[in-house]
Amino acid sequence: MTGEEFEPKILGFFCNWCSYAGADLAGVSRLKYPANLRIVRVMCSGRVEPTMVLKAFACGADGVLVAGCHPGDCHYQQGNYKTLRRVPLLERTLAQFGIHPARFRLAWISANEGQKLVQVVTEMVDEIKKLGPFPGTRSRFPELGAAAPGPAERPAAAPVPGERGAAAPAATVAAGGEAHD
Ligand code: FES
């Protein structure tokens, strides 16, 4: 134990038109919120597919926040209604994977709600700190196409053709093909 406090990694999928602008406003207004949030800007919250949330957890996020325009304000009219319909299903899926409900949140944050962003992120960080790090790893979700294992994880008997250190296919060398190293 190093004694360092656990700092959760929260991945935020923010819609470009409202929530990302709200985060921008929080920044220019010099509002302070925990630095645990990493934002992925999407054009609409309706663009966020459930697999994107699962993959975020699979890749090491301790929490995922999806933020979009308030219902009725979506710039694509129906996008956030799609989000709203998907979320109950997604929450059930997360529960089946053993993911605590506090690790996922959907929030409506408009462009002038920088303060709300601060509140939502602060609450999420506090709740996830109590839960501790997400115990899952990429190996829990192999079907989601987790990143290829690094060289150290690969069995020695199965080199990947074309990778540094792997024997180039004889036919490629004989034909003077491009060496991909
Ligand atoms: S454009 Fe913001 S939720 Fe659709």
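Is there a simple way to explain unusual backbone geometry in this structure?
Excluding glycine, a negative phi dihedral is what most residues carry, and trans is how most peptide bonds are arranged. In this model, Arg-30 sits at a positive phi of 60°, which is unusual for a non-glycine residue. Inspection of the secondary structure puts Arg-30 in the loop between α1 (19–28) and β2 (37–42). Positive phi outside glycine occurs at Gln-77, with the angle close to 70°. Relative to the helices and strands, Gln-77 resides in the loop between β3 (63–68) and α3 (79–96). Taking the number of C-beta atoms within 10 Å as the measure of exposure, Gln-77 has 11 and is therefore exposed.

Could you clarify how one ought to interpret the environment of Gln-115 in this entry?
Inspection of the secondary structure puts Gln-115 in helix α4 (residues 114–131). Counting along the chain gives 92 residues from Gln-115 to Ala-23, while the straight-line C-alpha distance between them is 9.0 Å.

Is there a simple way to think about the pairing of strand β4 (residues 104–108) in this case?
As a general feature of sheets, a regular strand has side chains that alternate between the two faces. Counting buried positions along β4 yields five of five residues, so the element is predominantly enclosed. What you see with β4 is no split at all: Phe-104, Leu-106 and Trp-108 on one side and Arg-105 and Ala-107 on the other are buried throughout. Here β3 runs beside β4; their pairing, made up of five bridges, is parallel. Note on β4: the bridge partner recorded for Ala-67 is Ala-107. With respect to chirality, the unit in which β3 leads through α3 into the neighbouring parallel β4 is right-handed.

So what exactly am I meant to see when it comes to helix α2 (residues 50–58) here?
Turn by turn, an α-helix covers 3.6 residues, leaving residues three or four places apart pointing in a common direction. For α2, the full list of buried residues reads Val-53, Leu-54, Ala-56, Phe-57 and Ala-58. Contact partners of the buried residues in α2: β1 (10–15), β3, α3 and β4. Just downstream of α2, Gly-60 is the residue with a positive phi angle, here 115°.

The rules we used
- Residues numbered from 1 in each chain as written.
- Predicted model: local features only at pLDDT ≥ 70, side-chain atom pairs only at ≥ 80, totals over all residues.
- Helix = DSSP H or I, 4+ residues; strand = E, 2+ residues; numbered from the N terminus.
- Buried ≥ 20, exposed ≤ 12 C-beta atoms within 10 Å, placed from the backbone.
- Pairing = 2+ DSSP bridges.
- Right-handed = clockwise from strand over helix to strand, strands pointing away.
- Contact = placed C-beta atoms within 7 Å.

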